[in-house]
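Below are the chains, spelled out letter by letter.
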Amino acid sequence: MIDLSMLRHDPEILRASQRARGNDPQIVEDAITADAQWRQAQAEYESLRANQNLFNAKVKAADPAVRAELIAQVKELAQQVKGAQQRAAQAQQRAAQAAERIENVVLADVPAGDESNFVTLRTHGEKPQFDFEIRDHLELGEMLGAIDMQRGAKVSGARFYFLRGVGALLELAIMNLGLQKALAAGFIPVITPTLVKPEIMHGTGFLGEHAAEVYHLQQQDMYLTGTSEVALAGFHADEIIDLQGGSIRYAGWSTCYRSEAGSHGKDTRGIIRVHQFNKLEMFVYATPENAAVEHEQLVQMQEQMLQELGLSYRVVDVAAGDLGSSAARKFDIEAWIPTQNTYRELTSTSNCTSYQARRLGTRFRNENGKTSVAATVNGTLATTRWLTAILETHQQADGSVTVPEALRPFMGGLRVLTPTAAK
């Protein structure tokens, strides 16, 4: 949830943030009202409780002749205290629910508006030019024996697939290249659980307006994660972490699951928008004042990866209305997809400030020894979708694909993927 001191003392920041996101600012007014009602109910309970303590002391000191009468009053007062406590607890719950509807406060430089109002910060690389009729990533993948959508659908349904042969090798090579860079940058490698408890999924902010995209196992009351960000955010839940030596950086490797609810008819061909994929996710715990710097550093690592893969891309500052509930600012890196004649998102990097850490109870001790809420930052370093840009960008007229030099050490030195008769 948001910082309650901001709700109480500077709510206009919250109102402005919600307007920038395209949300109804009335939710801020509702939270202010609920918070005031909770504080009033809590004050009434504490007043009655204090009176009860005073009366109990009076009873103990009373003459035995009148003590029996006083004890009857004690019982009545106890019922009043119990009722006030229940009302305060209910008011607190309503206040918490109202505050949780307020999404993270967007940072000052974030462009307002919906998904079409993003700002392009920079572009890199020349868009590939071809003197032959180009093929899309699925046709290339089928020619190479790398992608099998038909058998994926047979086994698991629509938007599932097999990566086989050089397709499997290529994905593993991307992941290993990313992991190598993460290790060199001081990240701790983690293979995370992909099933998490409701309180962890809720704490990261993924059960808001996009809850329909999350797979829920009802019998076990567990959630399949769409990114290792969720498990890594929960890794230090309810802990006081040590940030005196600098930020804590993790690189989480996991399989990810997304229902893609509401995306019917979008990107149904190939592996751009699928239900299951693999991803290497960077996740950083930082002090709030260092979060923006960490955010920029993650983007730099992503750009370095895409440059070494020979991809043309642009970096965009995502508009407030297209941010997830947890993100205060998000940068997407979109690679050029030749057959679509457009840029498509390959990475997303979010500064979640203290929103997730506050919800999950992750704190650190500042230089004065007092505990403060930490900040979290996350970003993709490699994922299955990257195959689409690599295959299309580096294709040759005969359907072969040149392997980017940076990936060759992870593919046994293989330089070219050659079409084969798939079985």
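This text goes with the structure placed above it.
In this report, we go over the structure that sits alongside the text. (Residues numbered from 1 in each chain as written. Predicted model: local features only at pLDDT ≥ 70, side-chain atom pairs only at ≥ 80, totals over all residues. Heavy atoms only, no water.)

Looking at the packing of helix H7 (residues 166-184) against helix H12 (residues 386-393)
Applicable threshold: Think of each axis as a best-fit line through the C-alpha atoms, taken over the contacting stretch in the case of a helix, with angles from 0 to 180 degrees between the N-to-C directions. By definition, any uninterrupted DSSP run of H or I lasting at least four residues is a helix, any uninterrupted run of E lasting at least two residues is a strand, and each is numbered from the N terminus. In what follows, roughly perpendicular refers to angles from 65 to 115 degrees, roughly parallel to angles under 35, roughly antiparallel to angles over 145, and oblique to any angle outside these ranges. If you view the pair so one helix is near and one far, a crossing is left-handed when the near helix is turned anticlockwise from the far one by less than a right angle, and right-handed when it is turned clockwise. The contact criterion used throughout is that any non-hydrogen atoms of two residues lie within 4.5 Å.
It is at 11 Å that the axes of H7 and H12 come closest, and there the two elements cross at 110°. Looking at the two axes, H7 sits roughly perpendicular to H12. Considering the relative orientation of H7 and H12, their crossing is right-handed. Between H7 and H12, the residues in contact are Gly167, Leu170, Glu171 and Ile174 and Trp386, Leu387, Ile390 and Leu391, respectively.

A short note on the environment of Leu169
Summarising the element assignment, Leu169 is placed in helix H7. The spacing of Leu169 and Leu407 is 238 residues in sequence and 9.8 Å in space, taken between C-alpha atoms.

Observations concerning the sheet that holds strand S8 (residues 240-241)
Quick note on the threshold: A pair of strands is considered paired only if DSSP assigns at least 2 bridges between the two.
The three strands lie next to each other as S8-S14-S15, forming an open sheet whose pairing is mixed. Single-partner strands in this sheet number two, and they are S8 and strand S15 (371-373). Alignment of strand S14 (residues 363-365) against S15, held across three bridges, turns out to be antiparallel. Across the sheet, the residue bridging to Arg363 is Val373, located in S15.

What about the sheet that holds strand S7 (residues 222-224)?
Two modes of strand pairing occur in sheets, parallel and antiparallel, and in both the strands are linked by backbone hydrogen bonds. The three strands lie next to each other as S5-S7-S6, forming an open sheet whose pairing is antiparallel. Each of the sheet's edge strands pairs with one partner strand only, and the pair in question is strand S5 (195-196) and strand S6 (215-217). Of the strand pairs in this sheet, S6 and S7 are connected by three bridges, and their pairing is antiparallel. When the sheet's bridge partners are listed, Tyr215 is paired in S7 with Leu224.

Notes on the pattern of salt bridges
Stated precisely, the cut-off is as follows: In the sections that follow, a salt bridge refers to a side-chain nitrogen of Lys or Arg positioned within 4 Å of a carboxyl oxygen of Asp or Glu. Note on exposure labels: buried denotes an accessible area under 20% of the residue type's maximum, exposed denotes more than 50%, and partly exposed covers the range between, all computed with a 1.4 Å probe on protein chains only.
Going through the model one piece at a time under the given rule, you end up with 16 salt bridges. Note that Glu103 is salt-bridged to Arg21, the shortest N-O span being 3.1 Å. You can see Glu103 sitting in the loop between helix H4 (64-100) and strand S1 (119-124) and its partner Arg21 sitting in helix H2 (residues 11-21), a full 82 residues away along the chain. We note that Glu103, like Arg21, is buried. With a closest N to O distance of 2.7 Å, Glu308 and Lys181 form a salt bridge. Here the residue Glu308 occupies a position in helix H10 (residues 291-308), and Lys181 occupies one in helix H7, the gap between them amounting to 127 residues. The class for Glu308 is partly exposed, based on a relative accessible area of 33%. Assessed through its relative accessible area of 14%, Lys181 is described here as buried.

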